[in-house]
Amino acid sequence: MTADFTRILGESYRQEVSRLDRILPTLMPDEYRLTPDMERSISNGTYQFPDAGESHTDKRVLTRKQDYFSAKVHVRRTPLYFHRHEFVEMLYMYRGRCRQFIGNLGTCVTLHEGDVFLLNQNVTHALLQEDESAVLIKIIIPTGTLSQNFLRKLGGQQAGFWTGIGEYYHYLHYTGCTADEKLFVERMMAEYYSQNPCKEIAEASWLQLMLIALSRREGDERWYKLGHSSVDMGRITEYVYEHSETVTLEELARVFSFSPSYLSRVIKEGCGMNFLDLLRECRLEKATALLTATNYPIGEIAELVGYSSAASVYQGMREKFGMSPTEYRDNYGQINREHTTNE
């Protein structure tokens, strides 16, 4: 390790300690996606930071956000906790070792000195670095940092990891490193903490060289796919229902930090229908609720649920229920009124 890079590591450590030691009302909105309930509990001082004993399906699992590239030393300032990322994270074990838990405490990957670990978006995980003398470098790579054209050309497992083309991988683990790969990581970190002109271009260039070097390895990489059961289909269908007026597959993929092609496969396997069919079902469900609970004209209902014309509502109701919207309203609206009266 050169004296210059030792200085960079020291500066990174000091800045990260300062960033992470902020009070929760300042730290949390900057670092995580917060729900209204979380915002209220943070503001009134009752928020409890989640711990690793909480299941990955628990709603308190945090989602880290960051829309800019960074290359920093890892500093442990919170208890071991499960969280997700809206970005891709590259871990480089510069010295020592650490443990990465995927989904739960029963699935553990140990990173040794020189290992590289690529973690895809939206994978629930927890990172444990017990040795204070260990040095772990975290490189955060938001969507859009690298062009899709470059990522497709990487081929193999890397193309599947980054773009979802072919097989989609949730994480890649490369054991050991070459002198070039170590240099690329050091240069990314040096550029990040520099004030050099065109530093963003330089950061992306070193990152590209790193990924090219990894893609040329043979035999010492490991790739993993998590089961689709790790994806919360309830959250996905709820989002489609709530945003049926405007939601697209691309928007949905961006919100849940998946590639569109992978999310399309998840929806197909989880719901037994493609995205457009799911969207149609959500719109019809909302339309039927409005038909029985309001006197809105069919055209207005169509607009409220996301259709461009009343004809789409008529066609969907005929195909799904064998009756027109008016007939559905007459039949089920009366049932609703009688049920409300009885209550």
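In case you missed it, the structure is sitting above this.
Described below are features of the structure shown in this document.

Definitions and cut-offs
Residues numbered from 1 in each chain as written. Predicted model: local features only at pLDDT ≥ 70, side-chain atom pairs only at ≥ 80, totals over all residues. Heavy atoms only, no water. Helix = DSSP H or I, 4+ residues; strand = E, 2+ residues; numbered from the N terminus. Buried < 20%, exposed > 50% of the residue type's maximum accessible area, 1.4 Å probe, protein only. Areas by Shrake-Rupley, 256 points an atom, 1.4 Å probe, with all protein chains shown as cover. Phe/Tyr/Trp six-rings, centres within 6.5 Å; stacked < 30°, edge-to-face > 60°. Lys NZ or Arg CZ within 6 Å of the ring centre and 35° of its normal. Axes fitted to C-alpha atoms, helices over the stretch in contact; angles between N-to-C directions. Parallel < 35°, antiparallel > 145°, perpendicular 65-115°, else oblique. Contact = heavy atoms within 4.5 Å. Nonpolar A, V, L, I, M, F, W, Y, C, P; charged D, E, K, R; others polar. Salt bridge = Lys/Arg side-chain N within 4 Å of Asp/Glu carboxyl O. Pairing = 2+ DSSP bridges. Core = buried A, V, L, I, M, F, W, Y, C linked by side-chain atoms within 4.5 Å. Polar contact = N/O pair within 3.5 Å; in protein donor to acceptor, adjacent residues only side chain to side chain.

**Let's talk about the overall build of the protein**
In step 1: If you tally the helices and strands in the protein, you get 14 helices and 11 strands.
In step 2: Relative to its full complement of 343 residues, the protein shows a buried share of 48%.
In step 3: As presented, the protein carries roughly 17,300 Å² of accessible surface, and 49% of it is formed by carbon and sulfur atoms.

**What to know about the packing of aromatic side chains**
We describe a pair of aromatic rings using the distance from one ring centre to the other and the angle between the two ring planes.
In step 1: Enumeration according to the criterion identifies 10 aromatic pairs in this entry.
In step 2: A network of ring pairs unites the aromatic residues Phe5, Tyr92 and Tyr94 as a single cluster.
In step 3: For the cation-ring pair, Arg283 lies above Tyr307, with the distance from its terminal atom to the ring centre recorded as 5.3 Å.
In step 4: Here the guanidinium or amino end of Lys286 rests over the ring plane of Tyr241, the centre of that ring lying 5.4 Å away.

**Regarding the packing of helix H8 (residues 233-242) against helix H10 (residues 260-271)**
In step 1: Running from N to C, H8 and H10 point in directions that differ by 105 degrees, and their axes come no closer than 11 Å. One finds that H8 runs roughly perpendicular with respect to H10. On the side of H8, the interface is formed by Met233, Ile236 and Thr237, while H10 contributes Leu263, Val266, Ile267, Gly270 and Cys271.
In step 2: Residues belonging to the contact of H8 with H10 are distributed by class as follows: 6 nonpolar, 2 polar and no charged.

**Let's talk about the pattern of salt bridges**
In step 1: Under the defined criterion, the tally for this structure stands at 18 salt bridges.
In step 2: Its salt-bridge partner being Arg14, residue Glu11 comes within 3.0 Å of it at the nearest N-O pair. Of this pair, Glu11 and Arg14 both sit in helix H1 (residues 3-20), 3 residues apart, which is roughly one turn of that helix.
In step 3: Because the salt bridges share partners, they merge into one network encompassing Glu16, Arg19, Arg22, Asp30, Glu31, Arg64 and Lys72.

**Some points on the pairing of strand E10 (residues 171-174)**
In step 1: Residues Tyr171 and His173 line one face of E10 and the alternating positions Leu172 and Tyr174 line the opposite face, and both faces are buried.
In step 2: Pairing geometry for strand E7 (residues 116-119) and E10, over 4 bridges, is antiparallel. Within E10, the residue paired with Phe117 across the bridge is His173.

**Remarks on the packing of helix H12 (residues 298-305) against helix H13 (residues 310-321)**
The relative placement of two packed helices comes down to the angle between their axes together with the axis-to-axis distance.
In step 1: At their nearest, the axes of H12 and H13 sit 8 Å apart, and the two run at 90 degrees to each other. Considering the angle they form, H12 stands roughly perpendicular to H13. Together, Ile298, Gly299 and Ala302 of H12 and Ala310, Val313 and Tyr314 of H13 make up the contact between the two elements.
In step 2: Counted by class, the contact of H12 with H13 contains 5 nonpolar, 1 polar and no charged residues.

**Notes on unusual backbone geometry**
In step 1: Despite not being glycine, Asn122 has its phi angle at roughly 65 degrees, a positive value.
In step 2: Here Asn122 shows up in the loop between E7 and strand E8 (125-128).
In step 3: The class for Asn122 is buried, based on a relative accessible area of 16%.
In step 4: Of note in this structure, Cys198 is not a glycine but carries a positive phi near 60 degrees.

**A few points about the nonpolar core**
In step 1: Counting 39 residues, the largest nonpolar core has Met90, Leu118, Ile137, Ile139, Trp162, Met189 and Leu211 as its most contacted members.
In step 2: In terms of residues, this core owes the most to one element, helix H6 (residues 179-192), which gives 6 residues.
In step 3: If you look at the next biggest cluster of nonpolar residues, it comprises 19 residues, including Val240, Leu263, Val266 and Leu278.

**A closer look at the environment of His85**
In step 1: Mapping His85 onto the fold places it in strand E3 (residues 83-85).
In step 2: A polar contact is formed between the side chain of His85 and the side chain of His125, at a distance of 3.5 Å.

**Concerning the environment of Cys282**
In step 1: By the secondary structure assignment, Cys282 is in helix H11 (residues 275-293).
In step 2: Using a relative accessible area of 6% as the deciding quantity, one classes Cys282 as buried.
In step 3: Between the C-alpha atoms of Cys282 and Gly306, which are 24 residues apart in sequence, the distance is 10.0 Å.
In step 4: Beyond its immediate sequence surroundings of up to four residues, Cys282 is in contact with Thr237, Val240 and Tyr241.

Without other data, these values stay purely geometric and don't point to any function.
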